[in-house]
Amino acid sequence: MKLDGHISQRFNQDLEDIRTQLLEMGGLVSSQITQAMEALETGDSALGESVEALDKEVNRLEVETDDLCTKILVKRQPAASDLRMVLAVSRIVRDLERMGDEATKIAQMGIRLAEEGASPIGYAECRSIAAGVQAMIANALDGFARYDSNVARDTIEMDQKVDEDYASALRSLMTYMMEDPRSIKRVMNIMWTLRSLERIGDHTTNICEQVIYLVDGVDERHSFS
Amino acid sequence: MTNEYTTVGRPSSINPKITADSVSVYYGDKQAIQDVSLDIGANEVIAFIGPSGCGKSTFLRTINRMNDTIDICSVKGKMSLDGVNIYDPNVDPVELRARVGMVFQKPNPFPKSIYDNVAYGARIHGLADNRIELDEMVEKSLRSAGLWEEVKDRLHSPGIGLSGGQQQRLCIARTIAVNPEVILMDEPCSALDPIATAKIEELIAELSSNYTIVVVTHSMQQAARISNRTAYFHLGKLIEVDDTNTVFTSPGHKLTEDYITGRFG
């Protein structure tokens, strides 16, 4: 896999541009999640606003990158690995954008929880799952940057642990709500947060499937369970 | 060029119309085609792509022995049509070329009327017994070539008075008129504008239900649009042949990848 070497230097540059923008977007989404988790734990509303500001940037990058992909399709009619690069980038930026939306939801939830007063219920579970998905994101972006489909496959396996942790956290929170019905509203917010983190893991799995498509030329969507 | 190689992909066909078995072509001492083995299936559209001088046209011309007209050209290996080696001394090349028709890069109608262009082959091969049969055959061929509606009122005007795209379809009608089984096309659209090209491509799709079609093209998009399989030639070797979709999304050979992605000069 390589992007350069085209007779057309501008084609090399076009492909390099979408690749760089995707990695930039991935970095932004990752900081969104870090900041959102911090906002959740500290109740810092300024951090929450920062996550929303980053989301605007992520949205802008999604549109811009997708537009570049469209232009490459129109101008170059790419084939083989070039075609797979353009398709994969166009699909991955959509997942990254949705991950950004989930991070924003977490930040908003953090502010709401802070307004309702401090209580550490469920935070440990959120922290642990967040660490899991952050590691997945770092790996997925690394797999993309280095065209390494093995890293992508390993990362998809990591999602199982996230899903298990999510299911286990839900069970313990359910027990908590049954024992103390007054906590339902608050625990529900924690559950939405966990749900967002779990969704981020799913989107990261989608990204890894696109890395596999990009590198190996095989479509393995829906083949992992 | 003595190094051995293996063609990547799927060179065989379950229902072959044409089978090339270790075909090599020489122009004097120079080897232009090296050990090409390939099946072309009945009613298949197969596209040959590759850089200039890679041998795709030379290989195409071995399928109806057009290379016979070049004195220094010699062919080794076996090229079979329906299991019969077409280079067997008993095979009459004129009859062979009636079964394996050819359309060239530049439209080359005879300096005759539209009608006579189409009727010519049928006349020399004695395919029509009388004028009525000949009229029917001319109309049927022009209809198959998608040209009838445009020329039915001027069948006796000269063929060279038509537009380039119409001339090329006239040449296709002329080829179809002798009831071939295989149609070879050597860059049939390279002298045509996009609209005329689209009409020829549409025609290829329609004709493929009745004929086996082999197209040499410099346009990779054209190969992707019209063919079932695509074959990539490089320096006289058949590097890769596979389903067109596979070749253009995940080719198996680096040379194919480099060529179709524009990395090869």
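(A) Seen up close, the pattern of salt bridges. Residues and elements named next belong to chain B. With the rule as written, the count across this model stands at 33 salt bridges over all chains. With a shortest N-O distance of 2.5 Å, R10 and D243 are connected by a salt bridge. Here D243 lies in strand β11 (residues 237–243) and R10 lies in the loop between β1 (8–9) and β2 (16–27), a separation of 233 residues in the sequence. Given the relative accessible area of 31%, D243 is considered partly exposed.

(B) Quick look at the confidence of the model for chain B. Mean pLDDT over chain B works out to 94, with 98% of the residues at or above the 70 mark. Interface confidence in the predicted complex, given as ipTM, is 0.80; pTM for the same model is 0.87.

(C) Up close: the interface of chain A and chain B. On the side of chain B, 12 residues touch chain A, which itself brings 15 residues to the contact. Buried surface at the junction of chain A and chain B, both sides included, amounts to about 1,000 Å², of which 46% is carbon and sulfur. When residues of chain A are sorted by the area they lose upon contact with chain B, A:I7, A:A79 and A:A80 head the list and together hold 39% of the total. Where chain A meets chain B, there are one salt bridge. Across the chain A-chain B interface, the total number found is 11 residue pairs in polar contact (both at pLDDT 80 or more). It is helix α3 (residues 80–115) of chain A that contributes the most residues to the side of chain A that touches chain B, five residues altogether. Tallied by class, residues from the side of chain A that touches chain B come to six nonpolar, five polar and four charged.

(D) View of the sheet that holds β11(B). All names here are of chain B. The strand order across the open sheet built from seven strands is β1-β11-β10-β4-β9-β8-β7, with neighbouring strands paired in mixed fashion. Looking at which strands have only one partner, the edges of the open sheet turn out to be β1 and β7 (100–103). Sheet topology places β1 next to β11; two bridges connect them, and they run parallel. From the neighbouring strand, V8 faces β11, where its bridge partner is E240. Where helix α6 (residues 164–176) meets the sheet, its contacts fall on β7 and β8 (182–186), and the angle it forms with β7 comes to roughly 170°.

(E) Region of the structure containing empty space enclosed by the protein. Residues and elements named next belong to chain B. Summed over all chains, the structure comprises one cavity of 30 Å³ or more. Roughly 30 Å³ of volume is contained in the largest cavity. Along the walls of the largest cavity sit I18, I63, M79, S80, L81, I86 and V100, which together make up its complete lining. Here the lining of the largest cavity takes three residues from strand β5 (residues 73–81), the largest share from any one element. Split into classes, the residues belonging to the lining of the largest cavity amount to six nonpolar, one polar and no charged.

(F) The sheet that holds strand β6 (residues 84–85) of chain B, seen in detail. Residues and elements named next belong to chain B. A sheet is described by the order of its strands in space; here four strands give the open sequence β3-β2-β5-β6, paired in antiparallel fashion. In this open sheet, the two strands that pair with only one neighbour each are β3 (30–41) and β6. Bridge count between β5 and β6: two bridges; the pairing is antiparallel. Looking at β6, one finds that S80 is bridged to N85.

(G) Summary view of the side chain of A:H6. Counting through the fold element by element, A:H6 comes out in the segment before α1 (9–42). Side-chain polar atoms of A:H6 contact the side chain of A:N12, separated by 2.7 Å. Reaching out from A:H6, the side chain makes a polar contact with the backbone oxygen of B:T261 at a distance of 3.3 Å. Beyond its immediate stretch of four places on either side in the chain, A:H6 contacts A:F11, A:N12, A:L15, A:D82, B:T261, B:G262 and B:R263.

(H) Geometry of the layout of surface pockets. All names here are of chain B. As a volume, the largest pocket reaches approximately 480 Å³. Lining of the largest pocket is provided by 18 residues; of these, R97, M102, F110, H125 and R174 occupy positions nearest its centre. When residues of the lining of the largest pocket are traced back to their parent elements, those giving at least two are α2 (93–99), β7, α3 (114–124) and α6. By residue class, the composition of the lining of the largest pocket is 10 nonpolar, six polar and two charged.

(I) Expanded view of the nonpolar core. Within the largest apolar cluster, 61 residues are counted, with the highest numbers of intra-cluster contacts made by A:M85 and A:L197. A:L197 has contacts with A:M37, A:I106, A:C126, A:I129, A:A130 and A:V133, leaving out every residue within four places of it along the chain. The next biggest cluster of nonpolar side chains, apart from the first, holds 35 residues, and it includes B:L147, B:A177, B:I204 and B:L207.

(J) Here's a closer look at the pairing of β7(B). Residue and element names in this part refer to chain B. Here β7 shows two buried faces, one formed by V100 and M102 and the other by G101 and V103. In this structure, β7 lies alongside β8, joined through four bridges in parallel fashion. Bridging from a neighbouring strand, V100 pairs with V182 of β8.

So, how was this worked out
Residues numbered from 1 in each chain as written. Chains lettered and ligands numbered in written order. Predicted model: local features only at pLDDT ≥ 70, side-chain atom pairs only at ≥ 80, totals over all residues. Heavy atoms only, no water. Salt bridge = Lys/Arg side-chain N within 4 Å of Asp/Glu carboxyl O. Helix = DSSP H or I, 4+ residues; strand = E, 2+ residues; numbered from the N terminus. Buried < 20%, exposed > 50% of the residue type's maximum accessible area, 1.4 Å probe, protein only. pLDDT = per-residue confidence, 0-100. Contact = heavy atoms within 4.5 Å. Buried area = accessible area lost by both parts, 1.4 Å probe. Polar contact = N/O pair within 3.5 Å; in protein donor to acceptor, adjacent residues only side chain to side chain. Nonpolar A, V, L, I, M, F, W, Y, C, P; charged D, E, K, R; others polar. Pairing = 2+ DSSP bridges. Axes fitted to C-alpha atoms, helices over the stretch in contact; angles between N-to-C directions. 1 Å grid on protein atoms, 1.4 Å probe; cavity = no way out; pocket = protein on both sides within 12 Å on 5 of 7 lines; lining within 4 Å. Points joined across faces, edges and corners; volume = space filled by probe spheres on them. Core = buried A, V, L, I, M, F, W, Y, C linked by side-chain atoms within 4.5 Å.

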